[in-house]
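These are the residues of each chain, in order.
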Amino acid sequence: MSRTKLIREWQQHGALTTLRRVTGLGAIALLLSGCSAAQHVSQGEPAIERSGLREPLPFTRLTPRTYTPDEWPQALTADVYLPDEPGDALRPAALVVHGGGWRNRTPEDMQGIAEQLAGQGYVAVNIEYRFAPEYRFPSQLHDLQQAMAWIHANADEWQVDTNRIVGVGFSSGAHLVSLLAVAGVEGPLAEPYGGEQSRLAAVLAGGLPSDLLKFDDGRLVVDFIGGTRAEENEAYRLASPARQLTPDSPPFFLFHGQWDQLVPVDHATDFYQALKENNIESELYLQRWRGHFASFLFRGGAIDAGIAFLNRQVNP
């Protein structure tokens with residue numbers, strides 16, 4: 001995540017903006033959403049091909065509310081989307097986490113995805129979290145663990161089956177939900193706020209930085225960890241989902257732009273290979289002709305396939 005890579009990525013993003021201005025948003029969206037724009041790898045038939053998405057349900061968006069305890073260093077809020085379904089049957093939930101290099105952006109980035117999840121029958125909980133460099137790893141993981149505890153505390157009111165909570169994130173948000181997923185119920189990542197209530201049933205992760213030791217000592221990662229790889233090597237290892245993966249980790253759906261210079265595509269391909277080696281059900285959706293930002297802006301097919309994968313895991 002060097003300065004050169006950041007500049008190159010922003011140049012690519014600028015070129016995309018110019019292309020949109022010249023050709024129109026509809027034309028470029030059509031170009032990037034075509035069938036040939038993705039390479040879908042799966043252990044068996046991809047979920048989206050076996051069963052498509054359900055007809056979207058109406059939903060209700062609650063007013064933002066604080067999910068952290070009163071004594072937490074910073075009050076953090078969540079947007080909650082409740083599917084409008086009759087009856088009292090339990091349903092799955094989705095913890096939704098935005099990107100921004102662990103240092104900026106808001107849950108508004110993930111609003112469209114949260115709405116799509118709610119339309120598919122998930123109670124979608126779209127959260128904010130503390131930012132680096134003021135707060136460093138593992139503060140952000142602790143925020144997600146508090147969010148999971150909050151979902152459990154409201155499970156009866158929201159009709160949530162706490163055994164069917166999934167994690168959904170992009171970029172640094174994908175990193176955080178993936179780290180939550182591999183933390184386990186015991187060990188250094190599970191203490192002191194994790195455990196059983198932090199268990200995820202599946203993960204949908206886009207643009208995932210899976211191994212922080214792959215990066216140069218760029219500002220974003222150094223600010224997040226609090227030092228360089230040489231200075232904080234063990235923290236880098238602990239904060240890398242790829243290095244905490246075990247056979248007990250939940251199923252993963254990964255999507256990633258093949259032109260990504262900010263988080264190179266080997267973060268996805270290597271992680272997918274590790275998932276296979278651990279016999280963890282997984283799918284990899286590689287987006288052709290997309291960098292980091294474009295893979296999110298033109299994510300439609302990837303999110304559809306990812307939600308179909310989640311549906312197969314938790315049967316909403």
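Residue numbers here run from 1 along each chain, matching the order of that chain's written sequence. Predicted model: local features are reported for residues with pLDDT of at least 70 only, side-chain atom pairs are reported and counted for 80 or more only, and whole-chain, interface and lining totals are derived from all residues. Based on all heavy atoms of the structure, the side-chain values leave hydrogens and waters out of the count.

Novice: So, helix α11 (residues 266-277): which residues are in play, and what are the values?
Specialist: For the purposes of this entry, the term helix denotes a DSSP run of H or I that reaches at least four residues, the term strand denotes a run of E that reaches at least two, and both are numbered from the N terminus. Helices are assigned an expected span. That span is 1.5 Å times one less than the residue count. A rise of 1.5 Å per residue sets the reference length of α11, with its twelve residues, at 16 Å; its end C-alpha atoms lie 16 Å apart and thus fit the reference within 8%. Three or more residues of α11 are buried, namely H267, A268, F271, Y272, A274 and L275. The arc that holds every buried residue of α11, seen down its axis, measures 160°, which confines them to one face. Directly after α11, the chain includes N279, whose backbone phi takes a positive value near 55°. Relative accessibility under 20% of the residue-type maximum defines a buried residue, over 50% an exposed one, and the middle range a partly exposed one, all with a 1.4 Å probe and only protein chains included. To be clear, the arc concerns the directions from the helix axis to the C-beta atoms.

Novice: For helix α4 (residues 111-119), give the residues involved together with the corresponding values.
Specialist: Helical geometry: 3.6 residues make up each α-helical turn, so side chains three or four residues apart lie on a common side. Taken as a whole, α4 has its buried residues at I113, A114, L117, A118 and G119. One or two residues past the end of α4 sits G121, with phi positive at roughly 100°.

Novice: Residues and numbers for the packing of aromatic side chains, please.
Specialist: Two aromatic rings from Phe, Tyr or Trp, using only the six-membered ring of Trp, form a pair when their centres are within 6.5 Å; if the ring planes differ by under 30 degrees the pair is stacked, by over 60 it is edge-to-face, and anything between is tilted. The full count for this structure, using the stated rule, is twelve aromatic pairs. Judged by centre distance (4.4 Å) and plane angle (10°), the ring pair of W102 and F224 falls under stacked. Separated by 122 residues along the polypeptide, W102 in the loop between β5 (91-97) and α4 and F224 in helix α8 (residues 219-225) bring together distant segments of the chain. The exposure class assigned to W102 is buried, which follows from its relative accessible area of 1%. Clustering of aromatic rings is evident, with ring pairs tying together Y67, W150 and W158. To sit over a ring, a charge needs its Lys NZ or Arg CZ within 6 Å of the ring centre and within 35 degrees of the ring normal. The side chain of R130 reaches across the aromatic face of Y135, ending 4.9 Å from its centre.

Novice: Explain the packing of helix α5 (residues 139-153) against helix α7 (residues 172-182) to me, using residue names and the numbers behind them.
Specialist: Axis definition: a line fitted to C-alpha atoms, over the contacting stretch in the case of helices. Angles run 0 to 180 degrees between N-to-C directions. The N-to-C vectors of α5 and α7 enclose an angle of 70°; their axes lie 10 Å apart at closest approach. Here α7 runs roughly perpendicular to α5, going by the angle between their axes. Crossing geometry of α5 relative to α7 is assigned as right-handed. Here Q140, L141, L144, Q145 and M148 of α5 lie close against α7, whose contacting residues are L176, V177, L179 and L180. Our angle categories are set so that under 35 degrees counts as roughly parallel, over 145 as roughly antiparallel, 65 to 115 as roughly perpendicular, and the remainder as oblique. Note on convention: near helix rotated counterclockwise from far helix by under a right angle means a left-handed crossing. Clockwise means right-handed. Whether two residues are in contact is decided by their heavy atoms: any pair within 4.5 Å suffices.

Novice: Quick rundown of unusual backbone geometry? Include the residues and the values.
Specialist: Excluding glycine, residues mostly have negative phi values, and the peptide bonds linking residues are mostly trans. The omega torsion of the bond from A132 to P133 falls at 0°, within 30 degrees of zero and hence cis. Cis geometry marks the peptide bond from E191 to P192; its omega dihedral reads 0°. Residue position: P192 is located in the loop between α7 and β8 (202-206). Unlike most non-glycine residues, N279 shows phi in positive territory, near 55°. Tracing the sequence through the fold places N279 in the loop between α11 and β10 (282-287). When its relative accessible area of 70% is taken as the criterion, N279 is described as exposed. Positioned with a positive phi, W289 is a non-glycine residue whose angle comes to about 65°. Take W289: it is sitting in the loop between β10 and α12 (292-297). Residue W289 is classed as partly exposed on the basis of its relative accessible area, which comes to 36%.

Novice: Lay out the pattern of salt bridges in plain terms, naming residues and giving numbers.
Specialist: A pair is scored as a salt bridge if a Lys or Arg side-chain nitrogen falls within 4 Å of a carboxyl oxygen belonging to Asp or Glu. Under the criterion given, the structure shown has 14 salt bridges. The salt bridge involving D79 is made with R61; its shortest N-O contact spans 3.1 Å. Here D79, found in strand β4 (residues 77-83), pairs with R61, found in strand β2 (residues 59-61); they are 18 residues apart in sequence, far enough to count as distant. The partly exposed category is assigned to R61, whose relative accessible area is 41%. A salt bridge links R312 to E281; the shortest N-O distance between them is 3.1 Å. Residue R312 is located in helix α13 (residues 300-314), and its partner E281 is located in the loop between α11 and β10; the two are separated by 31 residues in the primary sequence. Sharing partners across several salt bridges, the network here consists of K214, D266 and D270.

Novice: Which residues make up the pairing of strand β7 (residues 160-170), and what values do they have?
Specialist: In terms of residue burial, β7 counts as a mostly covered element, since nine of its eleven residues are buried. Being paired, for any two strands, means DSSP has found at least two bridges between them. Note: β5 against β7, six bridges, orientation parallel. Bridging across to β7, V97 finds its partner in G169. Pairing geometry for β7 and β8, over five bridges, is parallel.

Novice: Tell me about the environment of E191, residues and numbers included.
Specialist: For E191, the location among the structural elements is in the loop between α7 and β8. Classification of E191 as partly exposed rests on a relative accessible area of 49%. Note: C-alpha distance between E191 and Q145 (46 residues apart in sequence) is 9.9 Å.

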